2 protein chains.
Amino acid sequence: MKISTEELIKGIQSGNKRLIAKAITLVESKKAEHRIQAEELLKKIMPFTGNSIRVGITGVPGAGKSTFIESFGRLAISNGKKVAVLAIDPSSAINKGSILGDKTRMEELAKEENAFIRPSPSSGFLGGVANTTFETMLICEAAGYDYILIETVGVGQSEVLVADITDVFLFLKIIGGGDELQGIKRGIMEMVDLIFINKVDSENIQKAKNTRLELKRALDFIPPKEKDWKVSVLLGSALNNEGLDEVYAKIDEFINLKKKTNRFEEVRTQQAEKRFEYWVQEYILAMMKRNESLEEAYLQHKKNASAMVSNPSTEAKLFVENFLNKKF
Amino acid sequence: MKISTEELIKGIQSGNKRLIAKAITLVESKKAEHRIQAEELLKKIMPFTGNSIRVGITGVPGAGKSTFIESFGRLAISNGKKVAVLAIDPSSAINKGSILGDKTRMEELAKEENAFIRPSPSSGFLGGVANTTFETMLICEAAGYDYILIETVGVGQSEVLVADITDVFLFLKIIGGGDELQGIKRGIMEMVDLIFINKVDSENIQKAKNTRLELKRALDFIPPKEKDWKVSVLLGSALNNEGLDEVYAKIDEFINLKKKTNRFEEVRTQQAEKRFEYWVQEYILAMMKRNESLEEAYLQHKKNASAMVSNPSTEAKLFVENFLNKKF
């Protein structure tokens, strides 16, 4: 049964989780009629969005991201906040939810009245980076959530995607075997605003401090992302609820600084512009893909270019001319 | 007077510098009729391209890039090689050649029969990264140049552009005031294959060694670009011809390694694919720009998106629909 846009909006604004979920399913849909309703919905809720703190969270598998989110989320709720959790799952488009399994790991948080948990499929039309996580976030904001925690499993370009739609980017690290920086993906250290070394206890505290030292040294070699901000490396244990207060306070401090220096609004404006540009590309690619012969042509021209049969620019021009002569 | 494509090709293959220059001017032109001839030319020379070592060179102003290129170029020529120098100049589109002034700094090299020096304007159609340096390089390769040295002044995205079309990326560094990594642009250290600390003499050799130590430590924190290659930090003085042999040998070593592991061909193929994708975007943007009302619409939709008047994706969709309904 089709639910009207008005009903969805009323549901979102009254915090009805079933209707929030329906609205998210609507914006995730690629069907043309759904997209039309989704855009109508998004347009109407726009004035009620933008008031959350958007937190991106990354870390290797095993770093304890879900446990961290559960503990952090419950802390925020105990401070009177509402928390939405979105998890970017590059595989969900294929097997419909490898992260859904993880939801059991957030059982306690899921039980909370003021928490909302949702996996977010990551599937650009042609392998692009644009997905609907941003729009899902807008819905959660309109529903009054104060913190939007966006988890990424760190496959492909998903960190870039998350960094491009959040206000603060948090990196969860576990203690390594001496070679602390092994396994850290290229570019991650330049995106990060805050690092939390997780799973620290009385037995490995010295190792944890060494890890912190290594990370701090590495950070000294990286030009700062925000010039007035020095990335902190905090220690703790999400499982034992240790060190979370400090993370919470640091995020607050960072957001306040960004607001004071106008960087908060400035970065959000840049992010929105970038998203617009992403989507222009995505839609153009989607138009191409809709036309089978055009997609074939794209691949053929690309192949000619990569084999240096002819100049990449020439191949691109031939393709674009072909593309623009089609009817859509 | 128009020169025929055949005449240009004959000129290129016989190493006639005047005709090589004419061919480059042709591929740089944005006039539709010139583009047609340029593409014809490029198609025909394609089988004779690809045989050079493509070297990207970056460094802050004052690092001694021109002097380095002059000394390195003369060394290569003394080893029986032919050397072409292209300088990417982001400002040349505006003031027609701030780097042309620099040519006087390469006076000795310019006199050599086996050297060819040319500034290369950097001007994507709508601020994009694609330019004609790659095509200029193809012409130089068809003319038999063994080394193509591409200098970037390091403004904007020019290093990325250069790294994306070269086989080896060289970073020229001068000795700093203790804070060695100040002023190094974000991302540069991840692009680099080889570092040369320039302007080293008997008086500052200890400082130079400290700089090397700092750089090496920084490199330890950066995941390697080529997994079998450790970035070397070499010391020397381009002005006094010291240390250039070592750079020459290291470049050789790197290229041989890449050829042995098939990375040489693999990376070139990826680069050509990427260039194709760049150019598809550039041509689409160029088509847009040709249509004034469309360009206005683009800016208006982008503004709506950044002000969050409506969802960036919605604005992008409206624009793309508008775009595809136009006649070209």
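Criteria and thresholds
Residues numbered from 1 in each chain as written. Chains lettered and ligands numbered in written order. Predicted model: local features only at pLDDT ≥ 70, side-chain atom pairs only at ≥ 80, totals over all residues. Heavy atoms only, no water. Salt bridge = Lys/Arg side-chain N within 4 Å of Asp/Glu carboxyl O. Helix = DSSP H or I, 4+ residues; strand = E, 2+ residues; numbered from the N terminus. Buried < 20%, exposed > 50% of the residue type's maximum accessible area, 1.4 Å probe, protein only. Core = buried A, V, L, I, M, F, W, Y, C linked by side-chain atoms within 4.5 Å. Contact = heavy atoms within 4.5 Å. Least-squares fit on C-alpha atoms with pLDDT ≥ 70 in both. Phe/Tyr/Trp six-rings, centres within 6.5 Å; stacked < 30°, edge-to-face > 60°. Expected span 1.5 Å × (residues − 1). Arc of directions from axis to C-beta. Polar contact = N/O pair within 3.5 Å; in protein donor to acceptor, adjacent residues only side chain to side chain. Nonpolar A, V, L, I, M, F, W, Y, C, P; charged D, E, K, R; others polar. Axes fitted to C-alpha atoms, helices over the stretch in contact; angles between N-to-C directions. Parallel < 35°, antiparallel > 145°, perpendicular 65-115°, else oblique.

As annotated in an unreviewed UniProt entry, chain A carries the name Methylmalonyl Co-A mutase-associated GTPase MeaB and is attributed to Chryseobacterium oryctis.

Next up on the list: the pattern of salt bridges. Taken as a whole, this structure holds 39 salt bridges over all chains when the rule is applied. In this structure, A:Lys302 and B:Glu277 form a salt bridge, with 2.4 Å as the shortest nitrogen-oxygen distance. With A:Lys302 in helix H13 (residues 292-306) and B:Glu277 in helix H12 (residues 263-290), this residue pair bridges two chains. Taking relative accessible area as the criterion, B:Glu277 reaches 28% and is therefore assigned partly exposed. Across the salt bridge formed by B:Lys230 and B:Asp220, the nearest N and O atoms sit 3.7 Å from each other. One end of the pair, B:Lys230, is in the loop between helix H10 (205-220) and strand S7 (232-235); the other, B:Asp220, is in helix H10, and ten residues separate them in sequence. On the accessibility criterion, B:Lys230 (63% relative accessible area) is exposed. Several salt bridges share partner residues, and in doing so they unite A:Arg35, A:Glu39, A:Glu135, B:Lys317 and B:Glu321 into one network.

Moving on: the nonpolar core. Judged by nonpolar contacts, the single largest core of 135 residues is most densely connected at A:Ile139, B:Phe68 and B:Ile139. Each residue touching B:Phe68, except ones within four places of it in the same chain, is listed here: B:Ile57, B:Gly73, B:Leu170, B:Leu172, B:Phe196, B:Ala238, B:Leu244 and B:Val247.

For the rest of this paragraph, the subject is the relation of the copies chain A and chain B. It takes a turn of 180° to lay chain A on chain B, together with a shift of 0.0 Å along the axis; the resulting RMSD is 0.0 Å. Put plainly, the chains are arranged around a two-fold axis.

The tally for this structure, following the rule as stated, stands at 22 aromatic pairs over all chains. When the ring of A:Phe276 is compared with that of B:Tyr298, the centres are 5.5 Å apart and the planes differ by 55°; the resulting orientation is tilted. Of this pair, A:Phe276 sits in helix H12 (residues 263-290) while B:Tyr298 sits in helix H13 (residues 292-306), each in a different chain. Comparing A:Phe276 with B:Tyr298, the two get one shared label, buried. Note on B:Tyr298 and B:Phe319: the rings are 5.2 Å apart at their centroids and 75° apart in plane angle, and the pair reads as edge-to-face.

Moving on to helix H2 (residues 17-28) of chain B. An α-helical turn contains 3.6 residues, so a residue and the one three or four places further along point in the same direction. Residue and element names in this part refer to chain B. Its twelve residues give H2 an end-to-end C-alpha distance of 16 Å, which sits within 8% of 16 Å, the value for a rise of 1.5 Å per residue. Of all the positions in H2, only Leu19, Ile20, Ala23, Ile24, Leu26 and Val27 are classed as buried. Projected onto a plane normal to the axis of H2, the buried residues spread over an arc of 155° and lie on a single side. Buried residues in H2 make contact with helix H1 (5-13), helix H3 (32-45), strand S3 (115-121) and helix H7 (133-142). In this structure Asn16 caps H2, since a side-chain oxygen of it lies 3.0 Å from the backbone nitrogen of Arg18.

Before going further, it helps to examine the environment of A:Ala76. Residue and element names in this part refer to chain A. Among the secondary structure elements, Ala76 is positioned in helix H4 (residues 65-78). Since its relative accessible area comes to 0%, Ala76 is described here as buried. Setting aside residues no more than four positions away along its own chain, Ala76 makes contact with Lys81, Val83, Tyr147 and Tyr248.

Every contact between the two is made by 55 residues of chain A and, on the other side, 55 residues of chain B. Where chain A packs against chain B, one counts four salt bridges. On the surface where chain A and chain B come into contact, there are ten residue pairs in polar contact (both at pLDDT 80 or more). Among the secondary structure elements, those contributing two or more residues to the side of chain A that touches chain B are helix H3 (32-45), helix H7 (133-142), helix H10 (205-220), H12, H13 and helix H14 (312-325) of chain A. The biggest single contributor to the side of chain A that touches chain B is H12(A), with 13 residues. Of the residues contributing to the side of chain A that touches chain B, the split by class is 29 nonpolar, nine polar and 17 charged.

Here the focus is the packing of H12(B) against H13(B). Any two packed helices are characterised by the angle at which their axes cross and by the distance between the axes. All names here are of chain B. Interaxial distance between H12 and H13 falls to 5 Å at its minimum, and their mutual angle equals 110°. By the angle class used here, H12 and H13 are roughly perpendicular. Where H12 approaches H13, its residues Met288, Lys289 and Arg290 are matched on the opposing element by Glu292, Leu294, Glu295 and Tyr298. Considering only residue class, the contact of H12 with H13 consists of three nonpolar, no polar and four charged.

Before going further, it helps to examine the side chain of B:Glu135. Tracing the backbone shows B:Glu135 in helix H7. Since its relative accessible area comes to 1%, B:Glu135 is described here as buried. Among the polar contacts made by the side chain of B:Glu135, one reaches the side chain of A:Asn311 at a distance of 2.5 Å. Among all residues touching B:Glu135, those that are not within four sequence positions of it are A:Asn311, A:Ser313, B:Val27, B:Arg35 and B:Leu42.

All names here are of chain A. Turning to helix H1 (residues 5-13), its buried residues are Thr5, Leu8, Ile9, Gly11 and Ile12. Down the axis, H1 shows its buried residues gathered within 160° of arc, on one side only. The elements touched by buried residues of H1 are helix H2 (17-28), H3 and H7. Looking one or two places after H1, you find Gly15, whose phi comes out positive at around 75°.

Further remarks concern the pairing of strand S5 (residues 168-173) of chain A. For S5(A), a buried count of six out of six residues is recorded, marking the element as mostly surrounded by other parts of the structure. Here S5(A) shows no split at all, with A:Val168, A:Leu170 and A:Leu172 on one side and A:Phe169, A:Phe171 and A:Lys173 on the other all buried.

Residues and elements named next belong to chain A. Despite not being glycine, Asn241 shows a phi value in the positive range, around 55°. Its location among the elements puts Asn241 in the loop between strand S7 (232-235) and helix H11 (244-260). Its identity is not glycine, yet Asn262 carries a phi of approximately 65°, on the positive side. Locating Asn262 in the fold gives a position in the loop between H11 and H12. Overall, Asn262 belongs to the exposed group, its relative accessible area being 52%.

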